[in-house]
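Letter by letter, the chains look like this.
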Amino acid sequence: MEWLRMQQWSPYAVGIGIGILSWLTFVLSDKPIGCSTAFARLSGMIERLFRGEKTLEKPYFKQYAPALTWDVMLVVGIVIGAFVSALLSGQFRLTWVPSLWAATFGSAYFPRVLVAVIGGVLMGAGARWADGCTSGHGISGTLQLAVSSWIAVACFLAGGIVTAFIIFRIFGA
Amino acid sequence: MLTKLHTNRRLQLVLGLLAGIAFGFLLQKGGVTNYDVILGQLLLTDFTMLKVMLSAVVTGMIGVHALRSLGLARLHPKSGSVGRTVVGGLIFGVGFAVLGYCPGTISGAIGQGSLDALIGGMVGILLGSWLFATFSPKLQKPVLSKGDFGPLTLPELLKVNAWVVVVPAAVILTTFLFALERFGW
């Protein structure tokens, strides 16, 4: 079982594994893999703690009930699966600042966390705006040959590449 | 179609959890739960993310369409519009580069101990999702509904059998992956 302890697998082995996993979710659950809906549901659950039943009157939460559903369990599972994988390979450790960021912008944790919050707001809003993320559109949608998903992926990459170059090649230069 | 299984709510929650565990394990083993790998892709210096995604797409595309032809699965293409897909996709892309994780890989990053993902990115994604959920009715008419094309698929657009698109798409994507390796990416 040495392969379970490896730090990294071939990206092709991982990709084929994810592809096969998508066969299983289509057959067993009638669902494509997708992650960003779960975050909208979770945000609704948090709002419900403060505002109670009024939260459920929002049209968005009528469509995507803030409840424990298949996609929320999927996201919980991802945390567990990645934890187990990192534990087995000895890579689990608490870190505040990724090394590429630290090499360019320093290892202070506050700037990195602040930027992560800003990026998260944009990403969370963008994912719900486009109705999918790198998994829902990027993998599950493109494999179904959905027109919306191929356009979405092109926009994800265009926006991402331009922004990454601005951050690291202009600000970080 | 395993309809009886699909409507068993409790069992579906367990299956969702198991699928997530497998997905998270694979993402971590692929290295894509790391900020450095994601940014490496967006800076076009490390093509790991694209290799993982495209091999998943080729494998998934062939298998899911075969299952569909056998009557064991049905497709769920998302509907889109210019106002939703293009505008939302570009906002997502900007956030993707600023955060350095996506909604799936951030969950994996949290699992491997990245605190910028847990304390920073996760809070941001929840806030951003909530903002969209709250203000989307106001965006509906002026933005989201513009240029609607519905849940269209490429075979429907071209008015051909799905396999007429699946086979060439698989060949093109696989050739692209071989070319990436050939040129040392």
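Criteria and thresholds
Residues numbered from 1 in each chain as written. Chains lettered and ligands numbered in written order. Predicted model: local features only at pLDDT ≥ 70, side-chain atom pairs only at ≥ 80, totals over all residues. Heavy atoms only, no water. Helix = DSSP H or I, 4+ residues; strand = E, 2+ residues; numbered from the N terminus. Buried < 20%, exposed > 50% of the residue type's maximum accessible area, 1.4 Å probe, protein only. Contact = heavy atoms within 4.5 Å. Lys, Arg positive; Asp, Glu negative; His and termini not counted. Charge placed at Lys NZ, Arg CZ, Asp CG, Glu CD. Axes fitted to C-alpha atoms, helices over the stretch in contact; angles between N-to-C directions. Parallel < 35°, antiparallel > 145°, perpendicular 65-115°, else oblique. Nonpolar A, V, L, I, M, F, W, Y, C, P; charged D, E, K, R; others polar. Phe/Tyr/Trp six-rings, centres within 6.5 Å; stacked < 30°, edge-to-face > 60°. Lys NZ or Arg CZ within 6 Å of the ring centre and 35° of its normal. Core = buried A, V, L, I, M, F, W, Y, C linked by side-chain atoms within 4.5 Å. Patch = residues over 30% accessible without salt bridge, like charges linked within 9 Å, V, L, I, M, F, W, Y side chains within 5 Å. Areas by Shrake-Rupley, 256 points an atom, 1.4 Å probe, with all protein chains shown as cover. Salt bridge = Lys/Arg side-chain N within 4 Å of Asp/Glu carboxyl O. Polar contact = N/O pair within 3.5 Å; in protein donor to acceptor, adjacent residues only side chain to side chain. pLDDT = per-residue confidence, 0-100. Buried area = accessible area lost by both parts, 1.4 Å probe.

On to the overall build of chain B. Per the secondary structure count, chain B includes 9 helices and 2 strands. Along the chain direction, N to C, the helices and strands of chain B fall in the order α-α-α-α-β-α-α-α-β-α-α. Taking the principal axes of the C-alpha coordinates as reference, chain B spans close to 50 × 45 × 40 Å. Out of the 185 residues belonging to chain B, those deemed buried represent 55%. Taking all contacts inside chain B whose residues are at least 6 apart in sequence as the whole, residues at least 24 apart take part in 62%. The distance from the centre of the 14 positive side-chain charges to the centre of the 6 negative ones in chain B is 15 Å.

Closest axis-to-axis distance for the helix α3 (residues 36–51) of chain A/helix α7 (residues 115–144) of chain B pair is 8 Å, and the angle between their directions is 85°. On the basis of the axis angle, α3 of chain A is roughly perpendicular to α7 of chain B. Two secondary-structure elements touch here, α3 of chain A through F39, A40, L42, S43, I46 and E47 of chain A and α7 of chain B through M122, I125, L126, S129 and W130 of chain B. Of the residues assigned to the contact of α3 of chain A with α7 of chain B, the class counts are 8 nonpolar, 2 polar and 1 charged.

The next thing to look at is the packing of aromatic side chains. Tallied over the full model, the rule gives 14 aromatic pairs over all chains. Ring plane angle 40° and centroid distance 5.8 Å describe the contact between W129 of chain A and F132 of chain B, whose orientation is recorded as tilted. Here W129 of chain A is found in helix α7 (residues 109–130), whereas its partner F132 of chain B is found in helix α7 on a different chain. Residue F132 of chain B is classed as buried on the basis of its relative accessible area, which comes to 3%. An aromatic cluster is built from Y60, F61, Y64 and W129 of chain A together with F132 of chain B, whose rings are joined through pairwise contacts. Sitting over the face of the ring of W101 of chain A, R112 of chain A holds its NZ or CZ atom 5.5 Å from the ring centroid. The ring of F165 of chain A is capped by R169 of chain A, whose NZ or CZ atom sits 5.6 Å from the centre of that ring.

One finds I18 of chain A together with F23, F92 and F96 of chain B to be the most contacted residues of the largest nonpolar core, which totals 77 residues. The leading source of residues in this core is helix α4 (residues 48–69) of chain B, at 11 residues. For F96 of chain B, the contacting residues outside a window of four places in its chain are M123 and T134 of chain A together with I38, L42, M49, Y101 and C102 of chain B. Counting residues in hydrophobic clusters, the runner-up holds 8 residues, among them Y60 and Y64 of chain A together with A133 and L144 of chain B.

This part takes up a nonpolar patch on the surface. On the surface, V76, I80, F83, V84, L87, F92 and L94 of chain A cluster together into a nonpolar patch covering about 560 Å² of accessible area. With respect to the helices and strands, the residue V76 of chain A is situated in helix α5 (residues 70–88).

With that settled, consider the side chain of D30 of chain A. Following the sequence through the fold, D30 of chain A ends up in the loop between α2 (11–29) and α3. One polar contact links D30 of chain A to R74 of chain B, side chain to side chain, over a distance of 2.6 Å. Residues in contact with D30 of chain A, not counting those within four places in the same chain, are T25 of chain A together with M1, H6, R74 and H76 of chain B.

Let us now look at the confidence of the model for chain B. Per-residue confidence for chain B averages 97 on the pLDDT scale, and 100% of its residues sit at or above 70. Reported confidences for the modelled complex are a pTM of 0.97 and an ipTM of 0.97.

All right, on to the pattern of salt bridges then. Two side chains of opposite charge can pair, provided their charged atoms sit close to one another. Residues and elements named next belong to chain A. Throughout the structure, instances matching the rule amount to 8 salt bridges over all chains. Close ionic contact of D71 with R41 constitutes a salt bridge, the shortest N to O distance being 2.8 Å. One end of the pair, D71, is in helix α5; the other, R41, is in helix α3, and 30 residues separate them in sequence. Like D71, the residue R41 is buried in the burial classification. Between E47 and K58 there is a salt bridge, with the nearest N and O atoms lying 2.8 Å from each other. Taken together, the residues span a long stretch of sequence, with E47 in helix α3 and K58 in the loop between α3 and α4 (59–63) at a distance of 11 residues. A relative accessible area of 6% means that E47 is categorised as buried. By sharing partners, the salt bridges in this structure join E47, R51 and K58 into a single network.

Residue-level contacts link 117 residues of chain B with 116 residues of chain A. Buried area between chain B and chain A, summed over both chains or domains, comes out near 10,100 Å², and the portion from carbon and sulfur atoms is 75%. Taken as a group, F23, K29 and K78 of chain B account for 8% of the area that chain B buries against chain A, more than any other trio of residues on that side. Inspection of the region where chain B meets chain A yields 2 salt bridges. Here R74 of chain B makes a salt bridge to D30 of chain A, at a shortest N to O gap of 2.6 Å.

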